[in-house]
Amino acid sequence: MSTPASWVVVGLDNGGTSNNATVLDATGRFLVDRLVETPSRVQDGPELAVEALAEALDQVLALTGTARTLVRAVGLDTPGPASAEGVISSKGSTNFSQPAWHGFDIRGALQERLGLPVVYANDANAAALYAHYAHFGADAAQRSSVSAIVGTGLGGGVVEAGRVVTGAAGMAGELGHVHIPMQGLLAEGQPVPACNCGFVGDAESVASLTGIEKNLLPYWLTRFPGHELASVEPVGKAARMLRGYGENGDRLALAVFEQQAIALGRLFTIAANFTDPHAYFLGGGVVEAAPHFREWFLATVREHTTLREEQARATTLALVPDLDMAGARGAAVAALERFQGPPAAVGEA
Ligand SMILES: [Zn+2]
C-alpha cells in the first residue's frame, strides 16, 4: 500500500459473491497490490448490492489512507449481459436473477449513491483493458489487442488504440458467440456443440466450462467407457474436476482441452483477419493451471492460430496477468481514460 501522488480513481469489480476494489492514481500507479474483497450481496437485490459497492469503496480508501475528496471517478465492472452504460439485461442474468435487477441501471444507481461519476465496463472488457495496459505499458494507447477469457462462458474484449471497442449496442467483443469452423476440430461422430445463446458451433460452445459440461464431456465419456469421471454426479462437478485430470496427463481430459485450444486458435485466426491486433491475450482457469499444462495449452492455441508471416513477426500471444484483480484494475483504467485520456503507463507502486 502506498499513498497517492495526486487525485485517484477507484475500480470496483462486482462478482456473484464478492466485490474487489482497487485504487489507481492519476500517474498510473495502483495503490493496492492484492485482492481487497468484501461481500457483493447481489443475491439480496439492487438496493443492498449498491450499498455493498459503496462500502467496498470506503474500505479500499481507508486501507490505502486515501481521502475521499481525492476520488475523481469510479470504474465499475459487472458480469453481463448489460448495456455499454451498465443497464442490466431486461431478462436478468446468472448473477442478477432477482426480478428487481431486470433492466436495472447499476451504473446510474451507484453514481447517485456516491455522488461521483461512475464509468461502466463489462467484466471481460475490463480484464481485457487491464491486460492491454499491463502488457504494453507506455505504448498502450498506440496498440490493439484481443482478449479471450475462458470461464463459465467465454468472455472477450477488443481494444483499439488503448480503448475498448463497445459497439453500437454495447455488444462488441462478444467473442464467445463468434462462429468457428468445426471441421477438423470435432472427432468422429461428435455432435456439433450448442451454446446457451442459441448458436451452434460458436467459440463458447467449446471453449468454456459450460461447453465442457454440456457438449465435450458427455461426448468424450462415450469414447472412454469406464472412465472414473463417468460416475461423478452431476456432470457440472465432473467438468470442474477435469483440469486436475488434464494436469495429470489423463487422455480424456487432454482430448477435451485440445479441442478448447483449437477453438481458441481458430477464434484468434478470425481476429487476425478482422482487426489484426498487436496482441492476443488468453485468460481463465486453464491458464492458471500447473505450468507444464498451461504451456502445453498455450502452445496448442498458438499452433492453431494461423497468422501470416508479417503478422507472426508483429504480434504476441500472452496470458492475462493477475486475473483475479484484472476486473477491478481494468475498471479503474477505464475510469482514468475517460477523465484524463489514456494513462502513460500503469504499474504497482
Ligand atoms: Zn454462443
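Rules used throughout
- Residues numbered from 1 in each chain as written.
- Predicted model: local features only at pLDDT ≥ 70, side-chain atom pairs only at ≥ 80, totals over all residues.
- Heavy atoms only, no water.
- Donors = N, O, S within 2.8 Å, 3.2 Å for Na, K, Ca; no water.
- Tetrahedral: all angles 85-135°; square planar, octahedral: opposite > 155°, others 65-115°.
- Buried < 20%, exposed > 50% of the residue type's maximum accessible area, 1.4 Å probe, protein only.
- Helix = DSSP H or I, 4+ residues; strand = E, 2+ residues; numbered from the N terminus.
- Pairing = 2+ DSSP bridges.
- Phe/Tyr/Trp six-rings, centres within 6.5 Å; stacked < 30°, edge-to-face > 60°.
- Lys NZ or Arg CZ within 6 Å of the ring centre and 35° of its normal.

A. Region of interest: the coordination of the zinc ion. Distances from the zinc ion to its protein donors, His-177 (ND1), Cys-195 (SG), Cys-197 (SG) and Asp-202 (OD), fall at 1.9 to 2.3 Å. Each of the 4 donor atoms bound to the zinc ion contributes to angles spanning 103 to 115°, and the resulting shape is tetrahedral. Each donor residue of the zinc ion lies on the same chain, and together they follow the pattern H-x17-C-x1-C-x4-D. For Cys-197, a relative accessible area of 39% puts it in the partly exposed group.

B. The arrangement of the pairing of strand S2 (residues 18-25) in detail. Of all 8 residues in S2, 7 are buried; the element is thus mostly enclosed. The turn linking strand S1 (residues 8-14) back onto S2 is made up of 3 residues. Here S2 pairs with strand S4 (residues 37-39) via 3 bridges, running antiparallel. Opposite Asn-20, over in S4, you have Glu-37 as the bridge partner.

C. Main features of the packing of aromatic side chains. Taken as a whole and judged by the stated rule, the model has 10 aromatic pairs. When the ring of Tyr-219 is compared with that of Trp-220, the centres are 5.2 Å apart and the planes differ by 80°; the resulting orientation is edge-to-face. Note on accessibility: Tyr-219 and Trp-220 belong to one class, buried. Each residue in the set Phe-257, Phe-293, Trp-296 and Phe-297 is aromatic and connected to the rest through ring pairs, giving one cluster. A cation sits over an aromatic face here: Arg-72 above Trp-7, 4.0 Å from the ring centre. Sitting above the plane of the Phe-30 ring, Arg-329 keeps its charged end 4.4 Å from the centroid.

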